[in-house]
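# Architecture and fold: a report
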Amino acid sequence: MPVHLTPAQLTALTVLAAASVVWLLVLTRVLRRMRARAAAHAALRAVPGIPALPALPVLRARERTGPHRETVELTVAEEDAFAGLVRRLGDGR
């Protein structure tokens, strides 16, 4: 028992170490299951008569992802007014 650690710190360290070991064991088990399932799927795909299915569904490409874009034609006076407004707001920086 290290002298510079309190009993609460030792308890917390022990719990953390135990949780880490359990996490590693569960992770190993999950990865082994995934590997076994992948091997089983590969064996099914190798059977001639069963069509191969993609692992992930294919998403259809979208033409647009955002909202519809709107445009408005401005008159010459409106364009000049807008340019003046932009100049006035830009000078205040």
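As a starting point, this report considers the structure included with it. (Residues numbered from 1 in each chain as written. Predicted model: local features only at pLDDT ≥ 70, side-chain atom pairs only at ≥ 80, totals over all residues. Heavy atoms only, no water.)

## Focus on helix 2 (residues 76–91)
With 16 residues, helix 2 should cover 22 Å at 1.5 Å per step; its first-to-last C-alpha distance of 23 Å lies within 8% of that length. Little of helix 2 is tucked away: 0 of the 16 residues are buried. (Helix = DSSP H or I, 4+ residues; strand = E, 2+ residues; numbered from the N terminus. Expected span 1.5 Å × (residues − 1). Buried < 20%, exposed > 50% of the residue type's maximum accessible area, 1.4 Å probe, protein only.)

## Describing a negative patch on the surface
Together, E73, E78, E79 and D80 line one region of the surface with negative charge. Along the polypeptide, E78 turns up in helix 2. (Patch = residues over 30% accessible without salt bridge, like charges linked within 9 Å, V, L, I, M, F, W, Y side chains within 5 Å. Areas by Shrake-Rupley, 256 points an atom, 1.4 Å probe, with all protein chains shown as cover. Salt bridge = Lys/Arg side-chain N within 4 Å of Asp/Glu carboxyl O. Lys, Arg positive; Asp, Glu negative; His and termini not counted. Charge placed at Lys NZ, Arg CZ, Asp CG, Glu CD.)

## Concerning a nonpolar patch on the surface
There is a patch of nonpolar side chains on the surface, built from V22, W23, L24, V26, L27, V30, L31 and M34 and spanning about 760 Å² of accessible area. Within the secondary structure layout, L27 lies in helix 1 (residues 7–46). Note on L27: relative accessible area 34%, which makes it partly exposed.

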